[in-house]
Amino acid sequence: VNVLPSKYWCSFSIGDGQSSPHFMRYSGLTGAAINAMLINNYLGSSIRLENILSRKRVFQMSHETNWSNDEVVKRGTGYNYGVDGFLRPGAAYDNVIEYLYYKMLEMDVARYEENYEDDTLSAIFMLSWQRKFGSMFVPRGMETNDSHTRGLEAILLPKILKTVSNEMMDREELKEDENEPFMTLFQQYASDGPEAVLGEKAMFEGDGTLFSTTKDEWDHDVRRLFEKSQASAETQDIVMEYMDRAYRVCEILNRSFVLARDEHIDGKRFAGSESENEPKSTDSFFSDFPVEAQSFASGLELSSIFGAISLSATQGSVTGGSVVVSVAIAITFAILNIPTSFGTMTNVSRYVNRQEEFRADFSRTKLLGMERTLFKVLSSSKRKEIDDASNPLLKRVRVAYEAVVSGAKYYDTSSDEVQASYSKTDFTDLKSLEAFMEEITSNFIPKRYQKEAYLKDKLVTLFAACIELAEVLENDERTGDEETYIEDEATYKAFRRMPKFTERLENSLQTGPIVYGFIRKNKKLSQWAIFAPLRLYFFLMGNFLLKGFSLRCGGLFNPISTEIKVMRGVVTALNRSLGQTLKKEAYDLKELFHATMESSIGMSLFFVGMWVFIFSFFIIANGIASAVQNTSTTCAGALGISGRNSFQQYQCFVVEGGAIVSALAGLIALSFFVRQFRHQRKVVAAINYLPSPPPSVRKIGSLAYFQSLISIWQCIATCTSLASIVIGFVLRFDFADFENNVTFGLAIGAVGAFGISIFLQLIANLGMLYNVEPSAGIDVCSAFWGTLTKKHRLFSLGRSEKSVMSPALEDRESWEYVAREFLSEVRFDTVLGADRFNAVMQAIQSGDTSSWRGNKIFAKEE
């Protein structure tokens, strides 16, 4: 941007005039950035003038600059505390301190105190900038670490004093000979510290935050320097002018630190992305037949009914012997079955992909944590039987260390100091480990890598891994080689099983790319849809019939679902025996088991939908050919295979193949409706058990009862279509003597039953569900308050007091587990729509127990 040079004025464009959006989130973002730069150029010229024509004008420009800077921050991608990267500050501390000092000078020149008497600092450094400085100086996890705070003070204080000293050396009055003693002492004080000049360091009681005692210490020390150098009153006034700016620099850094600490405690140090701030949606709910899977049953039911009508219509006698009419009916409903079956295929594919994404994420993020937890609950003597290579805590430290080294290479900086410190650390010795941790918090994070903001996050991860290891070593030192626990042997076996379990799980994952929005590529041969029924049958046999046999054979014949079920059983039993310390791990395995089974079931549904889709075209072709030849379809046993011509054999293949796949669709739909009915009755029973549920919860209970009646009608419709298909099969092969129009009548009856269920569903959705109050989510929490809080206490067990994670985020994670477990027991998703169910789920995740009870007496008891 070319601006005519002038000491008195500048020109700049407003808004998007000088902006180009390109990679920016908003074009206004670049506009604000350019405006800020132009105004800064003007201010830079103005501040250097001996006579400023209009201080009010300077203040206006300064205020506009700060507003523009704030807008740049807020219209970027938020505050970016380690989740995403745009606009997160990373600079050498010398440059940062110099910038802050000159902002304080700008405050003096623009006379902010005349316009903002109450809080001038907040006027020039708005809240978003305080968060920005907090993200640079205090990475997430270091907010309450005293060692890091002391290390940060140790490096920042001399830099502030050095900046002040350099500025004072340019002041003409302080260059006079009479001020040389003070300037010499002050320079030595800034570089060597108070002990070198005054012989002692003044100690004041602080609150543990950054620079909490600095002003008192500097006031004390500067007065001592004045006395020692016999500085004049005029010199003291000039020096305090500079020191006042230094105090304000410390104050803004203190405010940034306090804001970071408070937001850490409250769990608000998120990125600006709303995905990080919002509660988990229904996509995080993994259970038996959850949410969107319930729509598959209706699609399969409809496919079965359409198939029954098409197949029964192929027998011309049902339409009075008119081949044309029967063919027209068969083709019409076969055409309707094409989008129905294809919709089932696409919906099921997306559902399976979501299950597989969860399984892959579980493998990446939770397996090592589960292994570490099993290791930690072992007794000290049993842990010593495990070599270092198999120690999951040491493994976590190694992984975190390697991430630091690779991160340093990525950010083009050296990691030699970290490598040297790591190599000399004995990670089996507590004191050596604590020394390494101290080096991370007092040197590497605040000093060595002050400019690499994102490398600090990796160092915090390494520090967190060391904390977990140190807790175990500390416990071993305290307890010694005590006798093993009763649960030791079972825990040890489960721990030793983890590597093989991990390998089996990773080999079963589907991680290929997804094309066309629903088809996953690069599957193994055994994961193809054509083998899905065999795979599901193998899983079911392993889960229910071969479990004992497989265990006796060392798990040789176990499918992955059975491996997960066995591991889940072991961890659940250990959880009960060890006082609920493995509750999260046990529930994670339960969700993994459901995701694995639902993925397999989903692929079987895809298989059935695919063949319904294919046979719909075959039925259309058969209908057209039958109309041309004016003949109905028959597979009568009297003809025999040898007695049929090629067209009759094709007809038999089409109708019997269509009958088989339609029957499969109906059977699967029926099993789904039975499961749905069972879950709906659980909701009715749970609400009936409540002594005095709120009105909205009573309405949900009535709705659940009504929905269970709808499920019965859906079962009737499905059973009727199955009866039509079976009787048609019997008729075509002359296995029994029925009237030919029975099959068509049953198919039409299935349509009628389906229509009744749709009508009742409209009443449920547009009437009963619509009348459920918007506060239903909170009301459900109020009704089941005792159950929810009990689960929360159990899921909160085992928290580490030394954890770098925010207490609020740990609590939020516990409530997420509570929501998923409770809703997997009381299946509101089978009664409420996805939106209303999501409201209940998010209300539980909020953990707002005071609003649930609505009673101050109870709130105090919490």
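Rules of the game
Per chain, the residues get numbers from 1 upward, laid out in the order the sequence is written. Given that the model is predicted, a residue must reach a pLDDT of at least 70 before its local features are reported, and side-chain atom pairs must reach 80 or more before they are shown or counted; all residues, however, enter totals for whole chains, interfaces and linings. Only hydrogens and water are set aside; all other atoms, that is, all heavy atoms of the structure, feed into the side-chain values. Only runs of H or I of at least four residues qualify as helices and only runs of E of at least two qualify as strands under DSSP, and these elements are numbered from the N terminus. Residue burial is assigned from relative accessible area. The probe radius is 1.4 Å, only protein chains are included, and a residue is buried under 20% of its type maximum, exposed over 50%, and partly exposed in between. The contact rule is simple, with two residues in contact once any of their heavy atoms fall within 4.5 Å. Here the open area of atoms and residues is found with the Shrake-Rupley method and a 1.4 Å probe, where only the protein chains shown may cover a residue. To obtain an axis, a line is fitted to C-alpha atoms, over the contacting stretch when the element is a helix, and the angle between two such axes runs from 0 to 180 degrees between their N-to-C directions. Geometric relationships in this document are graded by angle, where less than 35 degrees denotes roughly parallel, more than 145 denotes roughly antiparallel, 65 to 115 denotes roughly perpendicular, and other angles denote oblique. Crossings are assigned a handedness: left-handed for a near helix turned anticlockwise from the far helix by less than a right angle, right-handed for a clockwise turn. Each residue gets one of three labels, nonpolar for Ala, Val, Leu, Ile, Met, Phe, Trp, Tyr, Cys and Pro, charged for Asp, Glu, Lys and Arg, and polar for the others, Gly among them. Here a pair means two rings of Phe, Tyr or Trp (six-membered ring of Trp) with centres within 6.5 Å. Their orientation is stacked below 30 degrees between planes, edge-to-face above 60, and tilted elsewhere. Here, a charge over a ring is recorded when the distance from Lys NZ or Arg CZ to the ring centre is within 6 Å and its angle to the ring normal is within 35 degrees. A pair is scored as a salt bridge if a Lys or Arg side-chain nitrogen falls within 4 Å of a carboxyl oxygen belonging to Asp or Glu. In this analysis, the expected span of each helix is defined as 1.5 Å times one less than the number of residues it contains. Joining through side-chain atoms within 4.5 Å is the link that ties buried Ala, Val, Leu, Ile, Met, Phe, Trp, Tyr and Cys residues into a set, and such a set is a nonpolar core. Only residues above 30% relative accessible area that lack a salt bridge enter a patch, with like-charged residues linked at up to 9 Å and the nonpolar side chains Val, Leu, Ile, Met, Phe, Trp and Tyr linked at up to 5 Å. His is not counted, nor are the chain ends, whereas Lys and Arg count as positive and Asp and Glu as negative. Every charge is mapped onto a representative atom, which is NZ of Lys, CZ of Arg, CG of Asp or CD of Glu.

For this particular structure, what's the right way to read the overall build of the protein?
When its secondary structure is counted, the protein shows 34 helices and two strands. The buried share of the protein, taken over its 862 residues, is 53%. Nonlocal contacts in the protein, meaning residues at least 24 apart in sequence, comprise 76% of its contacts between residues at least 6 apart. Accessible area of the protein: about 39500 Å², with a carbon and sulfur share of 56%.

Quick question: what am I supposed to make of the packing of helix α7 (residues 146–169) against helix α8 (residues 180–192) here?
The axes of two packed helices give the description: the angle between them and the distance between them. Where α7 meets α8, the closest approach of the two axes is 9 Å, and the angle between their N-to-C directions is 155°. Relative to α8, α7 is oriented roughly antiparallel. Regarding α7 and α8, the two cross each other, and that crossing is left-handed. Counting all contacts with α7, which are made through P158, L161, K162, V164, S165, M168 and M169, the residues of α8 involved are M183, F186, Q187, Y189 and A190. Within the contact of α7 with α8, the residues separate by chemical class into nine nonpolar, two polar and one charged.

Where do I start with the packing of aromatic side chains in this structure?
By convention here, two paired aromatic rings are described through the distance between centres and the angle between planes. Here the structure, examined in full by the defined rule, presents 33 aromatic pairs. A centroid spacing of 5.0 Å and a plane angle of 50° characterise the contact between Y422 and F427, whose relative ring orientation is tilted. Note on F427: relative accessible area 11%, which makes it buried. Among the aromatic residues, those joined into a ring-pair cluster are F607, W611, F615, F618 and F653. One residue, R383, lies across the ring of F375, its end atom 5.9 Å from the ring centre. Stacked on the ring of Y449, the Lys or Arg R448 has its end atom at 4.7 Å from the ring centre.

Help me understand the side chain of E356, please; the structure alone is not making it clear to me.
Inspection of the secondary structure puts E356 in helix α14 (residues 323–365). E356 sits in the buried class, given a relative accessible area of 1%.

Just checking my understanding: could you explain the environment of G480 for this structure?
Looking at where G480 falls in the secondary structure, it is placed in the loop between α20 (453–479) and α21 (488–508). Spatially, the C-alpha atom of G480 lies 8.0 Å from that of S381, the residues being 99 residues apart in sequence. Not counting residues up to four positions away in its chain, the partners in contact with G480 are S380 and N475.

Mind showing me how you'd approach the pattern of salt bridges here?
Charged atoms that come close allow side chains of opposite charge to pair. All told, the structure shown has 40 salt bridges when counted by the stated rule. Across the pair R248 and D244 runs a salt bridge whose closest N-O atoms are separated by 3.0 Å. Of this pair, R248 and D244 both sit in helix α11 (residues 233–266), four residues apart, roughly one helical turn. For R248, a relative accessible area of 11% corresponds to the buried category. The exposure class of D244 is partly exposed, given its relative accessible area of 36%. Residues K376 and E468 are paired through a salt bridge, measuring 2.8 Å at the closest nitrogen-oxygen approach. One end of the pair, K376, is in helix α15 (residues 367–376); the other, E468, is in helix α20, and 92 residues separate them in sequence.

Please explain the packing of helix α6 (residues 127–137) against α11 as it appears in this structure.
Between α6 and α11, whose axes approach to 8 Å, the crossing angle comes to 80°. Taken together, the axis directions place α6 and α11 in an arrangement best described as roughly perpendicular. Here α6 contributes L127, Q130, R131, F133, G134 and F137 to the contact with α11, which in turn contributes I252, L253, R255, S256, L259, A260 and E263.

What is the right way to look at unusual backbone geometry in this model?
Peptide bonds are mostly trans, and most non-glycine residues show a negative phi. Unlike most non-glycine residues, F211 shows phi in positive territory, near 60°. A relative accessible area of 6% places F211 in the buried class. Residues other than glycine seldom take positive phi values, yet D412 does so here, at roughly 55°. Residue placement: D412 occurs in the loop between α17 (392–410) and α18 (416–423).

What should I look at first to understand helix α32 (residues 834–846) in this one?
Because an α-helix packs 3.6 residues into every turn, residues spaced three or four apart end up facing the same way. Under the 1.5 Å per step criterion, the end-to-end length of α32 is 18 Å for 13 residues, consistent within 8% with the ideal 18 Å. Taken together, the buried positions of α32 are occupied by F837, N838, V840, M841, A843, I844 and Q845. Positive phi shows up at G847, right after α32, with a value of about 65°.

Please clarify how the nonpolar core should be interpreted in this entry.
General note: in soluble globular proteins, nonpolar side chains tend to be found buried as a group. Within the largest apolar cluster, 175 residues are counted, with the highest numbers of intra-cluster contacts made by F137, L156, I160, W218, L253, F427 and L462. Element by element, the count of residues in this core is highest for helix α25 (residues 583–629), at 17 residues. Beyond its immediate sequence surroundings of up to four residues, F427 is in contact with L394, V397, Y422, L433, F436, C466, L469 and L473.

How should I be thinking about the environment of F744 in this particular structure?
If you trace the backbone, F744 turns up in helix α28 (residues 741–768). The class of F744 is buried, set by a relative accessible area of 19%. Separated by 20 residues in the primary sequence, F744 and S724 place their C-alpha atoms 7.0 Å from one another.

In this structure, what is going on with the environment of C466? I would like to understand it.
Looking at the element boundaries, C466 is found in helix α20. Residue C466 is classed as buried on the basis of its relative accessible area, which comes to 0%. Beyond its immediate chain neighbours, meaning those up to four positions away, C466 contacts V397, F427, L433, F436 and M437.

What is the right way to read a nonpolar patch on the surface from this model?
Together, Y705, L709, I712, W713, I716 and I756 line one region of the surface with nonpolar side chains, adding up to about 490 Å² of accessible area. The biggest single contributor to the nonpolar patch is helix α27 (residues 695–732), with five residues. Its location among the elements puts I712 in helix α27.

Is there a simple way to explain a negative patch on the surface in this structure?
Together, E176, D177, E178, E180, E234 and D237 make up a negatively charged patch on the protein surface. Relative to the assigned elements, D177 resides in the loop between α7 and α8. For D177, a relative accessible area of 67% puts it in the exposed group.

Any functional reading would require information beyond the geometric quantities listed.
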